[in-house]
Amino acid sequence: MLSREAKGEDWPAIWPFWHRIVAARESYTWDPETTEEAARVLWMTGPDKRVYVAEDGPAVIGSAYLRPNYGGPAATVANAAFMIDPDHGGRGIGRALAEHVLTEARAQGYRAMVFNAVVETNPAVRLWTSLGFTILGTVPEAYEHPRLGRVGLHIMHRAL
């Protein structure tokens, strides 16, 4: 697997799994009715945002972005989001992409990373804790999961 900075022409490969993941309503707080154009803007653009893709040969099988979580004097705290094509899950792609983004974050001068809303039932919680993230707190019953009902949202942190 190769991780690299994304290009605009990568979006058509990202959109199908982005949409599938968000529409499933199990792991992201974004509106499942988000249009493709709005999703592209949300994922691919923004001040100081870097977007990455994971490739398996010529296929884009995952993507992540890295950006400041706060501004001004707190701009050295990063935020990131990750999506792996569900058809390629269980192969270590999420871990490899996360390690790449954490390395990039340190290289860009970030001193910590925060995830603002990790659905507590998301299997990725195990990945984040294995990579050194801690749960700072949980907003109880903040997320309406389609199968489990109301579940919490974790706020997670890791020093870089």
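Residues numbered from 1 in each chain as written. Predicted model: local features only at pLDDT ≥ 70, side-chain atom pairs only at ≥ 80, totals over all residues. Heavy atoms only, no water.

Within this structure, the stated rule accounts for 9 salt bridges. Here arginine 4 makes a salt bridge to aspartate 10, at a shortest N to O gap of 2.8 Å. The buried category is assigned to arginine 4, whose relative accessible area is 18%. Among the residues examined, aspartate 10 registers a relative accessible area of 7% and is labelled buried. Connected via shared salt-bridge partners are Arg4, Asp10 and Glu55. (Salt bridge = Lys/Arg side-chain N within 4 Å of Asp/Glu carboxyl O. Buried < 20%, exposed > 50% of the residue type's maximum accessible area, 1.4 Å probe, protein only.)

With that settled, the discussion passes to the sheet that holds strand β7 (residues 149-159). What the 7 strands build is an open sheet, ordered β1-β2-β3-β4-β5-β7-β6; its pairing is mixed. Every other strand in the sheet has two partners, leaving β1 (2-5) and β6 (134-145) as the edge strands with one partner each. The average angle at which neighbouring strand axes cross in this sheet is 25 degrees, direction not considered. Against the sheet, helix α1 (residues 11-24) touches β2 (50-56), β3 (59-68) and β4 (77-84), its axis set at about 75 degrees to β3. (Pairing = 2+ DSSP bridges. Helix = DSSP H or I, 4+ residues; strand = E, 2+ residues; numbered from the N terminus. Axes fitted to C-alpha atoms, helices over the stretch in contact; angles between N-to-C directions. Contact = heavy atoms within 4.5 Å.)

Another point: the pairing of β7. Regular strands place side chains that alternate from one sheet face to the opposite one. With 6 bridges joining them, strand β5 (residues 112-119) and β7 adopt antiparallel strand pairing. Bridge pairing links phenylalanine 115 to methionine 156 in β7. In this sheet, β7 lies alongside β6 in antiparallel orientation, the contact comprising 8 bridges. When the sheet's bridge partners are listed, histidine 145 is paired in β7 with glycine 149. Connecting β6 to the antiparallel partner β7 that follows it, the hairpin turn spans 3 residues.

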